[in-house]
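Spelled out from the first residue to the last, the chains are:
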Amino acid sequence: MMVDGIGSSGGPPPQPLEWKFSQVFGERTAGEEVQEVDIISAIEFDKTGDHLATGDRGGRVVLFERSDVKDHHSQRELERLDYPINRHPEFRYKTEFQSHEPEFDYLKSLEIEEKINKIRWCQTANGALFLLSTNDKTIKYWKVQEKKVKKICDMNVDPSVPVGNGSLTGSSSSSPSRKMYLPNGGCSEGPYNLLNNDFAFPVGGIPSLRLPVVASNETSLVARCRRVYAHAHDYHINSISNNSDGETFISADDLRINLWNLEISNQSFNIVDVKPANMEDLTEVITSAEFHPIHCNTLAYSSSKGSIRLIDLRQSALCDTHAKLFEEHEAPSSRSFFTEIIASISDIKFAKDGRYILSRDYMTLKLWDINMDSGPVSTFQVHEYLRPRLCDLYENDAIFDKFECCLSGDGLRVATGSYSNLFRVFGCVPGSNEATTLEASKNPMRRQVVTPARSSRSLSSLTRVVRRGSESPGVDANGGAFDFTTKLLHLAWHPSENSIACAAANSLYMYYA
């Protein structure tokens, strides 16, 4: 169902994109076992799209940089004035560093794993990259910069004068010498005897005393932790988000959202607290939070009940009341044991202009207009074919999987992941029937079914898939067997081009259109 989506200009909707494989980093060979610590747990492009960061369950952060424009940026801009460039974004490995280590909370007898939950890029300065990374409890602020490696490449010492320990260069240690040598490498000879109390440097200094030359030819990338923001969350951190003011950021756990200043690590302000006086009265938790991309006083957070709250930091210090509430009520007749579980929102993202919010729950993607709180403007069915299997999904805990979502930079399309390493791209312009299913592999289109009856992927065709799924429970939306153990949870859309980076276990796949 799509009603009044983004960019309603009255013209025809854009043609569906044809996605092609671009790159893969960390590709597995057939039968290779994946190490738990290598599984990617976070992906994020920076604002320019020239850098990409991934975090994994081993606490490492890996940075990639764009290679197709780095050395030819001015030429690329000139070419763009004349004709469009068909070259797609290409990235290369830049550096990696250990962001978090496993810890143990002795007070609570709790292990704190090193897994990176979120990465967020901060503003660059003086050629250095800055980013925030967090595990369940601790947020770190990193600076990654090219440092020149300084080497003393030429001591510039005259071979006729002694070096270091006072031996003559080129002379045998056994040969006697009548010269006496000063600690700084000077030579005492003739009237300048070390034993003479009247010793003095000659006018103009000793010609043989030279200074070493320090040269810096090579450069190496160095990651340094600038700040550590710790001990502010009793529950697991699920979100961090930078403010557009460039000075502050928020961190959110199940019950609280804290506001930090990047330069102050020992103090934060609690701006949202949903913890009841009696924990038995707890009915919902915070699942995701994000600052508005333009207005520094506005942020949104989602809940396990399927609602999104927009809050204004100008209203009060503790934002107990929301400025707007976005939720969609389900008909009482259709409620079941699983209704609240599948309604829980796992991720929210603002569109680039801040006008729309994209949310992902277990079954659907929903697009919300922040000026219209009566309901979503668009709903995209992602897992409707799994509805007959909710009992199985509950028993194997797959129903609690948290899928991320993303929007294209132009706001015309949205994307999210699914099982069997599939991800889906939907057009959100009114009248668009674009609903592409791709697989995270070198041949992303191989899971596509070319049967005309299903190629339109309209709501009616989805219902047919659901009915067929009840008869054949091992069939996914494309008619293939689905695999709950391979899931594509994390993906990111390039901020200015139609390029998607997604994680399948320990492999990073990139596609372009």
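Look up: the structure comes first, before these words.
Residues numbered from 1 in each chain as written. Predicted model: local features only at pLDDT ≥ 70, side-chain atom pairs only at ≥ 80, totals over all residues. Heavy atoms only, no water.

Enquirer: Can you lay out the packing of aromatic side chains for me, pointing to particular residues and giving the numbers?
Expert: Counted by the stated rule, this structure contains 23 aromatic pairs. Ring centres 5.6 Å apart and planes at 80° place the aromatic pair Trp19 and Trp493 in the edge-to-face group. Of this pair, Trp19 sits in the segment before β1 (20-25) while Trp493 sits in strand β32 (residues 491-493); the two residues are 474 residues apart in sequence, bridging distant segments of the chain. Overall, Trp493 belongs to the buried group, its relative accessible area being 6%. Through a chain of ring-to-ring contacts, three or more aromatic side chains come together here, namely Phe21, Phe423, Tyr509 and Tyr511. (Phe/Tyr/Trp six-rings, centres within 6.5 Å; stacked < 30°, edge-to-face > 60°. Helix = DSSP H or I, 4+ residues; strand = E, 2+ residues; numbered from the N terminus. Buried < 20%, exposed > 50% of the residue type's maximum accessible area, 1.4 Å probe, protein only.)

Enquirer: Quick rundown of the nonpolar core? Include the residues and the values.
Expert: One finds Trp19, Phe423, Val425, Leu491, Ile500 and Cys502 to be the most contacted residues of the largest nonpolar core, which totals 17 residues. Secondary structure elements with two or more residues in this core: β30 (422-427), β32, β33 (499-504) and β34 (507-512). No other element matches the 3 residues that β33 contributes to this core. Beyond its immediate stretch of four places on either side in the chain, Val425 contacts Trp19, Arg413, Val414, Ala415, Glu434, Ala435, Thr436, Leu438, Trp493 and Ile500. (Core = buried A, V, L, I, M, F, W, Y, C linked by side-chain atoms within 4.5 Å. Contact = heavy atoms within 4.5 Å.)

Enquirer: Could you give an account of the sheet that holds β30, naming the residues involved and the relevant values?
Expert: Spatially, 4 strands are ordered β28-β29-β30-β31 in an open sheet, and the strand pairing comes out antiparallel. Both outer strands of the open sheet, β28 (405-407) and β31 (435-439), are each paired with one neighbouring strand and no more. The sheet shows a mean angle of 20° between the axes of neighbouring strands, taken without regard to direction. Two elements, β28 and strand β29 (residues 413-417), share 3 bridges in a ladder whose sense is antiparallel. Paired with Cys405 across the two strands is Thr416, which belongs to β29. (Pairing = 2+ DSSP bridges. Axes fitted to C-alpha atoms, helices over the stretch in contact; angles between N-to-C directions.)

Enquirer: I'd love a proper account of empty space enclosed by the protein, names of residues and values included.
Expert: Applying the stated rule across the entire model yields 1 cavity of 30 Å³ or more. Along its surface, the largest cavity is lined by Lys118, Arg120, Ser239, Ile240, Ser288, Ala289, Glu290, Asp347, Ile348 and Lys349. Listed by contribution, the elements that provide at least two residues to the lining of the largest cavity are β8 (118-121), β16 (239-242), β20 (286-291) and β24 (347-350). Along the lines of polarity and charge, the residues of the lining of the largest cavity split into 3 nonpolar, 2 polar and 5 charged. (1 Å grid on protein atoms, 1.4 Å probe; cavity = no way out; pocket = protein on both sides within 12 Å on 5 of 7 lines; lining within 4 Å. Points joined across faces, edges and corners; volume = space filled by probe spheres on them. Nonpolar A, V, L, I, M, F, W, Y, C, P; charged D, E, K, R; others polar.)

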